[in-house]
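Understanding the architecture of this molecule
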Amino acid sequence: MRNYTTETEPTPVVGPWLDDLLPELIEFRRDLHAHPELSFQEFRTTDKLCERLEAVGLKPRRLEGTGLIVDVGQGPIATAIRGDIDALPIIEETGLPFASKIHGVTHACGHDIHTTAVLGVALVLQRMHQEEPLSGTVRIIFQPAEETMPGGALSCIEQGVLEGVPRIMALHCDPRINVGQVGTRIGAITSASDTIKVELTGRGGHTSRPHLTEELVFALAQIAVNVPAVLSRRVDVRSGVSVVWGQIHAGSAPNAIPATGFMAGTMRCLDRDAWQSAGDLLDDVVKEIAAPYGVTVHLEHVRGVPPVVNSEEETAIIEAAARAELGRHAVVLTPQSMGGEDFAWFLADLPGAMMRLGTRTPGGEEYDLHRGDYIVDERALGCGVRVLTAAALRTIRDLDEGPENANI
Ligand code: NI
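In this text, all values refer to a predicted model and were calculated from it rather than measured experimentally. (Residues numbered from 1 in each chain as written. Predicted model: local features only at pLDDT ≥ 70, side-chain atom pairs only at ≥ 80, totals over all residues. Heavy atoms only, no water.)

What to know about the domain arrangement of the chain
Interfaces are often described in size by the accessible area the parts lose on coming together. Its domain assignment divides the chain into domain 1 (4–186 + 311–405) and domain 2 (192–305). On a C-alpha basis, the centres of domain 1 and domain 2 stand 40 Å from each other. Contacts between the two partners involve 10 residues from domain 1, matched on the other side by 6 residues from domain 2. For the pair domain 1 and domain 2, the summed buried surface comes to about 740 Å²; carbon and sulfur atoms form 66% of the total. On the domain 1 side of the contact with domain 2, Met-149, Gln-336 and Met-338 bury the most area, a combined 57% of that side's loss. Where domain 1 packs against domain 2, one counts 0 salt bridges. (Domains from an automatic or database assignment. Contact = heavy atoms within 4.5 Å. Buried area = accessible area lost by both parts, 1.4 Å probe. Salt bridge = Lys/Arg side-chain N within 4 Å of Asp/Glu carboxyl O.)

What follows is the structure in C-alpha cells.
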C-alpha cells in the first residue's frame, strides 16, 4: 500500500484546463436539470451527451436503450469513471429559474451534477490528449437507471462496459458536506436493503381446538420474533444485519384461527459478505421456524444492492487528487450511509471507490437527498471535475511508472 498523502506541496493540474469550460458545463447542467428523465427513459440526456462528446472528436458508444460509454486517451485502460444520469419521480420545490419543466420528475439526487461533472472529465481529458497524447485510456460510463432496483449498473455490465477495466471511480453529491470538500471512507460507504414477504397458509378453525388446525397466527409470531434473534447469533454483529417487520396481518375474529397470514419487512446490512450469507440464512430460518406448525410457507425475498465497498488504494488516489486540486483540508471522513447505491455492482469484481461531493454552501441551508427542495451549490460541479480528472491522471501515471515506483 503506497502512501499517497505524504507528498510535498500539491499543485493543481486540472484547473487551468477547466476554467473556460465551466460556464458551458453549468449551462449544460441547468438544461439537464430543467429536463429530467426517469430511469431507463434518459433518451434526451443520452442524446445531449453524445452530441457534446462527438463535437470534440470523441466516439461515444450508446448502450441498449439509454446510457453510453466513451473512451478518452489511448492505450490500455487506466480506470473507468462512472456517472449516473437518471432523475426521480418527485415534485420539484426549489423555485430555481431552471427548475424541472417536467411535472413530478426532478433531479433530487444530484445526478444532473454527476452527469455533467463526468462529462467535464471527458472534455478536459480530451483537451489534454489533443495537446499531448495521454499514455492511457479513461473509460467514461454514463449509466442509466441508478434509482431502480436492482439498478441499471447490471445492464451496463452485461453489455461489457467493464471489459479491460482495472478499476472504477465515481462521485455522489452530499448536501451535508461543504462545497470545496469531498467525503471519503475506506470500506463500506453505503448499505444493503432487501425486502422480505412471508405468506403462510394452513387449515384454520376454532380457537378452542388449535390441535386440529395449522395455527398460523402462532407461527407468524414465532417468525416475527425468532428470525431476527437467530440472525443476531449467526451473523457477525459488526455487519449490522437487522431484520425489522413493517407489516403483519392475519385473522378477522378473536375465536377463529385464520387460513392465511402475511408479514413483510426489510433486512438491512452494512457488510457485503454478510449480506450474501445472511440473505441465504434468512430464507432457511423462516422456513425452519414455521416447519413444526405444519403451515405452508411462501417466501418472497427481493434482494436489493450490496453495499458499495471502497478499496484502500482507489480511495487514496481520490484523496490525493482532492488535496492537490482543492487544498489540504479538502478531504473529510464520511459516515456509512444506510442508503443503497447500485455502483456496488461495478465493485463486485473490481477495486474502486465512490467519493461524496460536498454541495452545501458553507453556513447555508441544510438539505437532504431525494427531497424536492434540494439545491446544489453549483461550485461543486468544478470541484467534481477537478478531483475525478486528477484521480484519472494519477491512474494513467501508474500505468507509466508501474505501481512499485509510482511517486504520486
Ligand atoms: Ni443518487
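After presenting the structure, the write-up continues.
Regarding the coordination of the nickel ion
Only Cys-109 (SG), His-111 (NE2) and His-172 (NE2) from the protein coordinate the nickel ion, and they sit 2.2 to 2.3 Å from it. For the nickel ion, all donor residues lie on one chain, and their spacing in sequence is C-x1-H-x60-H. With His-111 in helix H4 (residues 111–131) and His-172 in strand E5 (residues 168–178), the pair connects residues that are 61 residues apart, well separated along the chain. His-111 gets classed as buried once you look at its relative accessible area, which sits at 0%. (Donors = N, O, S within 2.8 Å, 3.2 Å for Na, K, Ca; no water. Helix = DSSP H or I, 4+ residues; strand = E, 2+ residues; numbered from the N terminus. Buried < 20%, exposed > 50% of the residue type's maximum accessible area, 1.4 Å probe, protein only.)

Some thoughts on unusual backbone geometry
A cis amide bond links Met-149 with the next residue in sequence, Pro-150, at an omega value of 0°. Tracing the chain through its elements places Pro-150 in the loop between strand E4 (137–143) and helix H5 (153–158). Not every positive phi belongs to a glycine, and Phe-40 is a case in point at roughly 65°. You can see Phe-40 is positioned in the loop between helix H2 (22–34) and helix H3 (43–55). The backbone of His-370 sits at a positive phi, close to 60°, despite the residue not being glycine. Mapped onto the fold, His-370 is located in the loop between strand E16 (352–360) and helix H10 (379–405). A relative accessible area of 38% places His-370 in the partly exposed class.

Examining the pattern of salt bridges
Under the definition given, this model contains 22 salt bridges. Close ionic contact of Arg-29 with Glu-378 constitutes a salt bridge, the shortest N to O distance being 2.9 Å. Taken together, the positions of Arg-29 in helix H2 and Glu-378 in the loop between E16 and H10 put the pair 349 residues apart, joining distant regions of the chain. Classification of Glu-378 by relative accessible area gives buried; the value is 15%. Linking Glu-325 and Arg-386 is a salt bridge whose minimum nitrogen-to-oxygen distance equals 3.1 Å. Separated by 61 residues along the polypeptide, Glu-325 in helix H8 (residues 312–326) and Arg-386 in helix H10 bring together distant segments of the chain. Sharing partners across several salt bridges, the network here consists of Arg-29, Arg-30, Asp-112 and Glu-378.

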